[in-house]
Amino acid sequence: MKRKLYGIVVATVYILFGVYFYRDPMILKNTSLTVEMGSHFDPYDNIQNIVFGTKKDVDIKGEVDLKKPGDYVITYVFKDKSKSVNVAVRDTQGPHLEVADKKFDLNTKIRPECFVTKVSDASEFEVSFEKKPDLDRVGEQKLKIVAKDIYGNSTEKDVVLNRIQDKKPPVFPKIDKLKVMQGTSEDISSQIKVKDDLDPEPKVKIDTSSLDIFTPGLYTITAKASDRSGNDKDQSLEVEVVPNPEYSEKVVYLTFDDGPSENTKEVLDILKKHKVKATFFVTGHDENHREYIKEAYDQGHAIGLHSYTHDYAKIYSSTDAYFADLDAVNDMVEEITGQRSDILRFPGGSSNRVSANYNKGIMSQLTDRVIKEGYQYFDWNVSSGDAEGNDVPKDRIIELSCTDAYDHVNLLFHDSSPKDSTVAALDTIIQYYKDKGYKFYPLTKDSYICHHSTVN
Ligand SMILES: [Zn+2]
């Protein structure tokens, strides 16, 4: 009897252990899953039950890229058990699309995107009209905008397009008085912000024939605003030309072209000794002395642009070539000083004839264009003569440089290694202008303008 009972107990224990050991310790909800692209997916959510453990004890191997449709395999590992699950990532939903009705004049080029205020999708998509609309028709029409992703899922929305014949001219803002600095090269019309109901970029033209930008005072000018549908409006505006202090003083602008060079350091020392400021129209030639550009800048001298290459045949071959070179020298200046320059001197000056060998009329194009691009250019009215040769005697340079013919002297020197006599003459020249009561200013965009007449 006792033996029989013992046998039953042993058998029961064996069965219970057996159930325990043969029971699956990791049960998953699904052996294959489909997941929407771009959605949230946590593979642990697929675990149904773990025996003698928690979900955290399961190690999941393999990656699912929710940004890329495809078939992925991940493997769940718990103790010595492992199970693989196929995960299909699919894009089955159309883009999220929000639209708005629109009013446009007949000059607006209408694209389906004009009506879209918001659109997004997990995949790439395109926005289009459901049918090609007749966009030239004046009045209202219903259109259907379709956003379709590359898996063929699409979303459609209705909009109303109202094509209007624009008959209203732009409106001038309330302007009490425009103020501009004496001698400014700023485009005054850029200060007049007109608005149009249908043209996003109405234009303003001003007639400045009654305006003397070089003489302070109050002037009346006429401005014409026009939209692209041909509606114009004229308006009289008052312009005050505000005195520019540099115009009422006697000023000498010492300018050095072609540097930096091995002479720059000595030039800077002389300027420092006299506590005067000058302008360096720099080039990209001399890589070994570029630190002098930084030194000049830090000492308060103006850094202007001359040319990166100074190669006439190249820079004067086309406006594009000129600006590519100008950008290069300005990039260099920015790299050295942290600031781009907006003043320049043309190699040979704006009156050079040599450019005609490479491109007829280029100087008249460039002089206009640099101003439009936000630069001011400076020629000179007094030349030191140091370009006549490499050994121009010091006395000749002094004689040519010192004159009281002008209240505003833009004095041309060259900063290059053979021009030692320029350096030797500088002290006397500065003293001459000091004695005559001239101020020494570095050039800025608003400085007294010295322009030659172009001959090409
Ligand atoms: Zn030069």
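Residues numbered from 1 in each chain as written. Predicted model: local features only at pLDDT ≥ 70, side-chain atom pairs only at ≥ 80, totals over all residues. Heavy atoms only, no water.

The name given to the protein chain in an unreviewed UniProt entry is Polysaccharide deacetylase family protein, with Faecalicoccus acidiformans as the source organism.

Caption draft 1: Focus on the overall build of the protein chain. Across its full length, the protein chain holds nine helices and 24 strands. Against the compact-globule benchmark of 23 Å for 456 residues, the protein chain has a radius of gyration of 39 Å, which places it well outside the compact range. For the protein chain, the C-alpha atoms occupy an extent of roughly 140 × 65 × 45 Å along the three principal directions. Looking at the protein chain as a whole, 44% of its 456 residues are labelled buried. Partitioning the contacts of the protein chain with sequence separation of at least 6, the portion at a separation of at least 24 is 65%. Counting only carbon and sulfur atoms, one obtains 49% of the accessible surface of the protein chain, whose full area is about 25100 Å². Between the centroid of the 61 positive side chains of the protein chain and the centroid of its 75 negative side chains there is a distance of 10 Å. (Helix = DSSP H or I, 4+ residues; strand = E, 2+ residues; numbered from the N terminus. Rg over C-alpha atoms; globule rule 2.2 N^0.38 Å. Buried < 20%, exposed > 50% of the residue type's maximum accessible area, 1.4 Å probe, protein only. Contact = heavy atoms within 4.5 Å. Areas by Shrake-Rupley, 256 points an atom, 1.4 Å probe, with all protein chains shown as cover. Lys, Arg positive; Asp, Glu negative; His and termini not counted. Charge placed at Lys NZ, Arg CZ, Asp CG, Glu CD.)

Caption draft 2: Quick peek at the pattern of salt bridges. Applying the stated criterion to the full structure yields 21 salt bridges. Between Arg 345 and Asp 257 there is a salt bridge, and its shortest N-O distance comes to 2.8 Å. Highlighted residues: Arg 345 in the loop between strand 20 (343-344) and helix 7 (362-372) and Asp 257 in strand 17 (residues 251-257), separated in sequence by 88 residues. Take Asp 257: its relative accessible area is 3%, and that puts it in the buried class. Two residues, Glu 295 and Lys 265, come together in a salt bridge whose shortest N-O distance is 2.7 Å. Of the two residues, Glu 295 sits in helix 4 (residues 291-298) while Lys 265 sits in helix 3 (residues 264-274), which places them 30 residues apart along the sequence. A relative accessible area of 31% means that Lys 265 is categorised as partly exposed. A network of salt bridges, in which partner residues are shared, links Asp 105, Asp 199 and Arg 228. (Salt bridge = Lys/Arg side-chain N within 4 Å of Asp/Glu carboxyl O.)

Caption draft 3: Quick peek at the sheet that holds strand 10 (residues 125-129). One open sheet accounts for four strands, arranged 8-12-11-10; its pairing is mixed. Edge positions in the sheet fall to strand 8 (102-105) and strand 10, since each has one partner strand and no second. Each strand of the sheet is rotated relative to its neighbour by a mean of 30°, with strand direction disregarded. (Pairing = 2+ DSSP bridges. Axes fitted to C-alpha atoms, helices over the stretch in contact; angles between N-to-C directions.)

Caption draft 4: A look at helix 8 (residues 394-401). Three or more residues of helix 8 are buried, namely Ile 397, Ile 398 and Ser 401. Looking straight down helix 8, one finds that the buried residues subtend no more than 100° of arc, so they occupy a single side. Among the exposed residues of helix 8, those pointing more than 90 degrees away from its buried face are Asp 395 and Glu 399. Contact partners of the buried residues in helix 8: strand 22 (382-383), strand 23 (408-414) and helix 9 (420-435). (Arc of directions from axis to C-beta.)

Caption draft 5: How the structure looks around the domain arrangement of the protein chain. Segmentation of the protein chain into domains returns domain 1 (26-90), domain 2 (96-164), domain 3 (178-242) and domain 4 (246-440). Taking the mean C-alpha position of each, domain 2 and domain 4 sit 56 Å from one another. (Domains from an automatic or database assignment.)

Caption draft 6: Geometry of the sheet that holds strand 4 (residues 59-61). Read across the sheet, four strands follow the order 2-6-5-4 without closing on themselves; strand pairing throughout is mixed. Across the chains shown, the open sheet's two edge strands, defined by having one partner strand only, are strand 2 (32-36) and strand 4. Strand-to-strand, the axes of this sheet are offset by a mean angle of 30°, without reference to chain direction. Alignment of strand 4 against strand 5 (residues 70-78), held across three bridges, turns out to be antiparallel. Bridging from a neighbouring strand, Lys 61 pairs with Thr 75 of strand 5.

Caption draft 7: Seen up close, the coordination of the zinc ion. Of the protein atoms, only Asp 258 (OD), His 306 (NE2) and His 310 (NE2) coordinate the zinc ion, at distances of 2.1 to 2.2 Å. Taken in sequence order, the residues that donate to the zinc ion follow the motif D-x47-H-x3-H. Taken together, the residues span a long stretch of sequence, with Asp 258 in the loop between strand 17 and helix 3 and His 306 in strand 19 (residues 302-307) at a distance of 48 residues. Given a relative accessible area of 19%, Asp 258 falls into the buried group. (Donors = N, O, S within 2.8 Å, 3.2 Å for Na, K, Ca; no water.)

Caption draft 8: Up close: the environment of Cys 114. Topologically, Cys 114 is positioned in the loop between strand 8 and strand 9 (116-120). Taking relative accessible area as the criterion, Cys 114 reaches 17% and is therefore assigned buried. Spatially, the C-alpha atoms of Cys 114 and Ala 100 are 8.8 Å apart, while their sequence positions differ by 14 residues. When sequence neighbours within four positions are dropped, the list of residues in contact with Cys 114 reads Lys 102, Phe 104 and Lys 109.

Caption draft 9: Structural context of unusual backbone geometry. Residue Pro 260 is reached from Gly 259 by a cis peptide bond, and omega for that bond is 0°. Within the element layout of this structure, Pro 260 appears in the loop between strand 17 and helix 3. In this model, Lys 79 sits at a positive phi of 50°, which is unusual for a non-glycine residue. Non-glycine residue Asp 258 carries a positive phi angle of around 80°.

Caption draft 10: Fine view of the environment of Ser 39. Tracing the sequence through the fold places Ser 39 in the loop between strand 2 and strand 3 (47-50). Judged by relative accessible area, Ser 39 falls into the partly exposed class, the value being 28%. When the C-alpha positions of Ser 39 and Asp 91 are compared, they lie 9.8 Å apart, and in sequence the two are 52 residues distant. Reaching out from Ser 39, the side chain makes a polar contact with the backbone oxygen of Glu 36 at a distance of 2.6 Å. (Polar contact = N/O pair within 3.5 Å; in protein donor to acceptor, adjacent residues only side chain to side chain.)

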